[in-house]
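Descriptive analysis of the structure
In case you want the letters, here they are:
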Amino acid sequence: GVGELYTRPRIRRTLRKRGIRYARFLPPRLWPPTFRLNLRNHRKMLIIDNHTAFVGGMNIGDRHLVDLEPNPKRVADLHFVARGPIVAQVEQLFIRDWEFASGEHLERMGEVKEPAGECACRCISDGPDEDIDRLVGVLLASIGAARERVWVMTPYFLPPRELIGALQAAALQGLDVAVILPEENNLPYVHRATRHMLWEPIRRGVQVYYQPPPFVHSKVLIVDDAYAQVGSANWDARSLRLNFELALEVFGCAAVEDLAVRFAQARAASKQVALSDLEARRLPKRLIDGAAWLMSPYL
């Protein structure tokens, strides 16, 4: 309900004109007084009947189209199509969100029992309700199970202490731990806050890279050759504590290998951040970065 205020004209007017039903998630109201700025639904779901679901990090808006090269706000992203029994899990989450936002209970379209491919998948919901901290727990368990590598791609990197510790522990064991961030961020203050804390994982052997423009909004975790996690959640306090998020786990199949290839290509095209680069920042930049970092629980 708050995010809708970012755009003009209001999207609900367009939807209403075209006869498309819509509901706003926790919209601000004067009476009864309601203004939950921090509790937003950040999930991205598209379900088609009971056979196909799209999930990932991609937003829908002309201003994000990556092929519009003159557009300074274009965004590169990864999105995923899923078929088979996993669709029912995504659908159930949409039904729950729709009922919360509109008060209307939707009937399920039915579940596809037969697998559509070789991947085993699971849908994980996370949010400041009964699901709080579920995603952090899954991330910790996944990193702890790694034996060869932990690869992370995220647009925003301000993880809680326990996740920083898990990445450091994996790197100290000799694993290939790499984090790819965008060189140019659409939220400069988040970029500055991240730069203030990067010395800590880098000092313990975590390799951090800046990916060249356009702004990369992809969210991916790859563990060894066996596990990948994709979805809507960023590695920051807002996503992991305040937002309602969706993650899709993918176990042991060619899709994980494909993601690893994409990650390796992005890594090869990126610039590694050295500890000396961070230490060479001038005092004014250090002060600004530190001030931004102080606000990190709210970014």
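Since the structure is predicted, the reported quantities are computational estimates derived from the model, not experimental observations.

When helices and strands are tallied, the protein chain shows ten helices and 15 strands. The C-alpha extent of the protein chain, read off along each of the three principal axes, is 55 × 45 × 40 Å. A separation threshold of at least 6 residues defines the contact pool for the protein chain, and within that pool the share at least 24 residues apart is 74%. Across the protein chain, the 40 positively charged side chains and the 35 negatively charged ones have centroids separated by 9 Å.

Inspection of the entire model under this criterion finds seven aromatic pairs. With 5.3 Å between their ring centres and 65 degrees between their planes, tyrosine 227 and phenylalanine 251 make a pair best called edge-to-face. Taken together, the positions of tyrosine 227 in strand β12 (residues 227–231) and phenylalanine 251 in strand β14 (residues 245–251) put the pair 24 residues apart, joining distant regions of the chain. Look at phenylalanine 251 and you get partly exposed, because its relative accessible area is 34%. Each residue in the set Phe25, Phe100 and Phe244 is aromatic and connected to the rest through ring pairs, giving one cluster. The ring of tryptophan 151 is capped by arginine 149, whose NZ or CZ atom sits 4.3 Å from the centre of that ring.

Let's shift gears to the side chain of histidine 217. Looking at the element boundaries, histidine 217 is found in the loop between β10 (215–216) and β11 (220–223). From its side chain, histidine 217 meets the backbone oxygen of glycine 57 in a polar contact 3.1 Å long. At 2.9 Å, the side chain of histidine 217 forms a polar contact with the side chain of aspartate 77. Residues in contact with histidine 217, not counting those within four places in the same chain, are Gly57, Asn59, Val75, Ala76, Asp77, Pro155 and Tyr156.

This part takes up the environment of glycine 231. Topologically, glycine 231 is positioned in strand β12. In this structure glycine 231 comes out as buried when scored by relative accessible area, which is 3%. With 66 residues separating them in the primary sequence, glycine 231 and glycine 165 have C-alpha atoms 23 Å apart. Sequence-distant contacts of glycine 231, defined by excluding residues within four places in its chain, comprise Gly56, Gly57, Lys219, Leu246 and Ala247.

One open sheet accounts for three strands, arranged β1-β2-β4; its pairing is antiparallel. A strand with exactly one partner marks an edge of an open sheet, and here the two such strands are β1 (45–48) and β4 (79–83). Strand-to-strand twist in this sheet, taken as the mean axis angle between neighbours without regard to direction, amounts to 20 degrees. As defined by bridge partners, β1 adjoins strand β2 (residues 52–56) across four bridges and the pair is classed as antiparallel. Its bridge partner being in β2, isoleucine 48 is matched across the sheet by threonine 52. Against the sheet, helix α2 (residues 86–102) engages β1, β2 and β4, with an angle of about 115 degrees to β1.

On to the state of the cysteines. Per the counting criterion, the structure on display carries one disulfide. In this structure cysteine 121 is a free cysteine whose sulfur lies 5.2 Å from that of cysteine 119, the closest cysteine sulfur available. No disulfide involves cysteine 123; its nearest neighbouring cysteine sulfur is the one of cysteine 121, lying 10 Å away. Look at cysteine 123 and you get buried, because its relative accessible area is 15%.

Moving on, we get to the nonpolar core. Counting 43 residues, the largest nonpolar core has Val150, Leu198 and Trp235 as the members making the most contacts within it. Going through the elements one at a time, α3 (134–144), β6 (149–153), β7 (157–158), α4 (161–172), β8 (176–182), α5 (188–197), β9 (207–211) and β11 are the ones with two or more residues in this core. Among the elements that take part in this core, α4 stands out by supplying six residues, more than any other. Setting aside anything within four residues of it in sequence, one finds leucine 198 in contact with Phe157, Leu181, Val208, Tyr210 and Leu278. Judged by nonpolar contacts, the second largest core, of 30 residues, contains Leu78, Cys123, Ala228 and Val230.

Conventions we followed
Residues numbered from 1 in each chain as written. Predicted model: local features only at pLDDT ≥ 70, side-chain atom pairs only at ≥ 80, totals over all residues. Heavy atoms only, no water. Helix = DSSP H or I, 4+ residues; strand = E, 2+ residues; numbered from the N terminus. Contact = heavy atoms within 4.5 Å. Lys, Arg positive; Asp, Glu negative; His and termini not counted. Charge placed at Lys NZ, Arg CZ, Asp CG, Glu CD. Phe/Tyr/Trp six-rings, centres within 6.5 Å; stacked < 30°, edge-to-face > 60°. Buried < 20%, exposed > 50% of the residue type's maximum accessible area, 1.4 Å probe, protein only. Lys NZ or Arg CZ within 6 Å of the ring centre and 35° of its normal. Polar contact = N/O pair within 3.5 Å; in protein donor to acceptor, adjacent residues only side chain to side chain. Pairing = 2+ DSSP bridges. Axes fitted to C-alpha atoms, helices over the stretch in contact; angles between N-to-C directions. Disulfide = S-S within 2.5 Å. Core = buried A, V, L, I, M, F, W, Y, C linked by side-chain atoms within 4.5 Å.

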